[in-house]
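One letter stands for each residue in the lines below.
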Amino acid sequence: MEEALQPLVERLKKGNVKISLMTGAGISTGAGIPDFRSPKTGLYHNLARLNLPHPEAVFEINYFRENPHAFYTLADELYPGRFLPTKFHFLIRLLQDKKLLRRVYTQNIDALERLSGVLDDYIVEAHGSFARNHCIDCHKPMSIADLRKDMKDKSLKGIPTCRHCKGYVKPDIVFFGESLPRRFFDLWEEEIEEYDVAIVAGTSLTVFPFAMLPSEVSKDCLRVLINKDKCGTFETDPRDSDVVIQDECDKVAELLVDLLGWRDEFDQLVEEATKKHKENRLGLGLDETQALSEKLAKEIEQDIQTNTEPRDEENDISDIVEEINELVISSESKPSKDSESNHDSEPEITDE
Ligand SMILES: [Zn+2]
């Protein structure tokens, strides 16, 4: 495997590369999140107890309209915060910190990229996520805090209900028959030819249009597949330069970390996150991270466009993520308005 990874390692060591990742359920199975499509071990198989007419119904908008209970039973199990990001997610985070990351296209709805500290702006959640919620009737948004409150409200039978029209509210996860987020198509069109490296990981490339992404990168782009099986364009239209690693994503992530000489930073990152997770801190406060991410997104976007060189301050992004984590922790222990506004005016966050 080490030899097969050499072309990737060399490109990364050279620096000044734009990496895109195209990921699926296989990068999250190490966190204990079931793969949607694997028979028996997969999520659909576990849905039998919900008495669905067919397993896919849990993600069908018409079924949700009639019976939102099945989806919310599942959502409660999958809701971000229960699971610690995997080694592979922390590799993505490290790529961000090293200014090598350009974009992560993910089919996953588990938000583990966000929770590993990858910033909103880098992430394209092609099939949506739990990070935003809308009423299915009047389309008004609902905050994560209100949604979580309703999910625990027995008088509502745990179904989040619109404050304006009493319609059901659902997270912005793309259901069957719904269109993918516009951002996915916009970035695909704008950037697909720009990537120097495309790492396709933990996906069998069976869901379209997502599955088309790796076939549309430029001919100079190094394509890397990390998956148990060879699949999609890597099988039907392979390129001479393709790197194919048929193994567990986490195992490959660990090896890459060693080959790149990033071991100490990586271990520190994982250790800190694990500690926070154990203290039940990581994964809470998606609301707060969202607000900060949006504030920072524009700045980062500008930075990428105007300057492909590394940022001035080596630890800029790590600092920001640290700020986010601290804000989350503080707002939990001191949930008053005062402490929130104090944090908003902290100079490290607002200063240019
Ligand atoms: Zn409504």
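Residues numbered from 1 in each chain as written. Predicted model: local features only at pLDDT ≥ 70, side-chain atom pairs only at ≥ 80, totals over all residues. Heavy atoms only, no water.

A. Spatial organisation of the overall build of the protein chain. On a plain count of helices and strands, the protein chain comes out with 14 helices and nine strands. Per-residue burial for the protein chain yields a buried fraction of 51% across its 352 residues. Taking all contacts inside the protein chain whose residues are at least 6 apart in sequence as the whole, residues at least 24 apart take part in 69%. (Helix = DSSP H or I, 4+ residues; strand = E, 2+ residues; numbered from the N terminus. Buried < 20%, exposed > 50% of the residue type's maximum accessible area, 1.4 Å probe, protein only. Contact = heavy atoms within 4.5 Å.)

B. Just the nonpolar core, in detail. The biggest cluster of nonpolar side chains holds 41 residues, and the ones touching the most others in it are Leu8, Ile19, Leu21, Phe88, Ile199 and Ile226. Counting the residues that make up this core, at least three belong to each of domain 1 (6–27 + 92–106 + 181–262) and domain 3 (269–343). Residues within four places of Ile19 in sequence aside, it is in contact with Leu12, Leu95, Leu100, Leu101, Arg102, Arg103, Val197 and Ile199. By size, the runner-up hydrophobic cluster in this structure holds 34 residues, among which are Leu74, Ile109, Phe130 and Cys135. (Core = buried A, V, L, I, M, F, W, Y, C linked by side-chain atoms within 4.5 Å. Domains from an automatic or database assignment.)

C. Local environment of the pattern of salt bridges. The final tally for this structure, using the stated rule, is 21 salt bridges. The residue Lys170 makes a salt bridge to Glu178 at a minimum N-O spacing of 3.3 Å. The class of Glu178 is partly exposed, set by a relative accessible area of 30%. Across the salt bridge formed by Lys251 and Asp247, the nearest N and O atoms sit 3.2 Å from each other. A network of salt bridges, in which partner residues are shared, links Lys87, Glu254, Asp258, Arg263 and Asp267. (Salt bridge = Lys/Arg side-chain N within 4 Å of Asp/Glu carboxyl O.)

D. Region of the structure containing the sheet that holds strand β9 (residues 243–245). Across the sheet, six strands lie side by side as β3-β2-β1-β7-β8-β9; this open sheet has parallel pairing. Looking at the sheet topology across the chains shown, the edges are occupied by β3 (123–125) and β9. Mean inter-strand twist for the sheet, computed between neighbouring axes without regard to direction, equals 15°. Bridge count between strand β1 (residues 19–23) and strand β2 (residues 101–106): five bridges; the pairing is parallel. Across the sheet, Met22 pairs through a bridge with Tyr105, a residue of β2. Strands in contact with helix α7 (residues 182–191) are β2 and β3; relative to β2, the strand with the most contacts, it is inclined by about 135°. (Pairing = 2+ DSSP bridges. Axes fitted to C-alpha atoms, helices over the stretch in contact; angles between N-to-C directions.)

E. Quick look at the pairing of strand β7 (residues 197–201). Of all five residues that make up β7, five are buried, and the element is covered over most of its length. Across the two faces of β7 the burial is the same, with Val197, Ile199 and Ala201 and Ala198 and Val200 all buried.

F. Molecular detail of the UniProt feature "active site" (unreviewed entry) in the protein chain. Per the UniProt entry, the sites bearing "active site" (unreviewed entry) are His127 in this numbering. Beyond its immediate stretch of four places on either side in the chain, His127 contacts Thr106, Gln107, Ile109, Asp172, Ile173, Val174, Leu180 and Val207. From its side chain, His127 meets the backbone oxygen of Gln107 in a polar contact 3.5 Å long. (UniProt positions renumbered as here; feature names shortened; annotations may be inferred. Polar contact = N/O pair within 3.5 Å; in protein donor to acceptor, adjacent residues only side chain to side chain.)

G. Representation of the coordination of the zinc ion within the structure. Protein-derived ligands of the zinc ion are Cys135 (SG), Cys138 (SG), Cys162 (SG) and Cys165 (SG), with the metal-ligand distances lying across 2.3 Å. Read N to C, the donor residues that coordinate the zinc ion are spaced as C-x2-C-x23-C-x2-C. Residue Cys138 is found in the loop between β4 (128–135) and β5 (141–142), and its partner Cys165 is found in the loop between α6 (144–151) and β6 (169–173); the two are separated by 27 residues along the sequence. The class of Cys138 is partly exposed, set by a relative accessible area of 27%. (Donors = N, O, S within 2.8 Å, 3.2 Å for Na, K, Ca; no water.)

H. Focus on the pairing of β4. In terms of residue burial, β4 counts as a mostly covered element, since six of its eight residues are buried. Two strands pair when backbone bridges link them, and β4 and β6 are joined in this way by four bridges, in the antiparallel orientation. Counterpart to Asn133 in the pairing with β6 is Pro171. Here β4 pairs with β5 via two bridges, running antiparallel. Opposite His134, over in β5, you have Pro141 as the bridge partner.

I. Seen up close, unusual backbone geometry. Going from Phe208 to Pro209, the amide bond is cis rather than trans, its omega being 5°. Inspection of the secondary structure assignment puts Pro209 in the loop between β7 and β8 (222–226). Unusually for a residue other than glycine, Asn16 sits at a positive phi of about 50°. If you trace the backbone, Asn16 turns up in the loop between α1 (2–14) and β1. Assessed through its relative accessible area of 60%, Asn16 is described here as exposed. In this structure, Ala111 is a non-glycine residue whose phi angle is positive, near 60°.

J. How the structure looks around the packing of helix α3 (residues 69–78) against α6. Contact geometry for α3 and α6: axes closest at 12 Å, N-to-C directions at 115°. Of the possible angle classes, the one that applies to α3 and α6 is roughly perpendicular. Crossing geometry of α3 relative to α6 is assigned as left-handed. Residues Tyr72, Ala75 and Asp76 of α3 form the contact with α6, whose participating residues are Leu147, Arg148 and Met151. When grouped by side-chain class, the residues that make up the contact of α3 with α6 number four nonpolar, no polar and two charged. (Parallel < 35°, antiparallel > 145°, perpendicular 65-115°, else oblique. Left-handed = near helix turned anticlockwise from the far one by under 90°. Nonpolar A, V, L, I, M, F, W, Y, C, P; charged D, E, K, R; others polar.)

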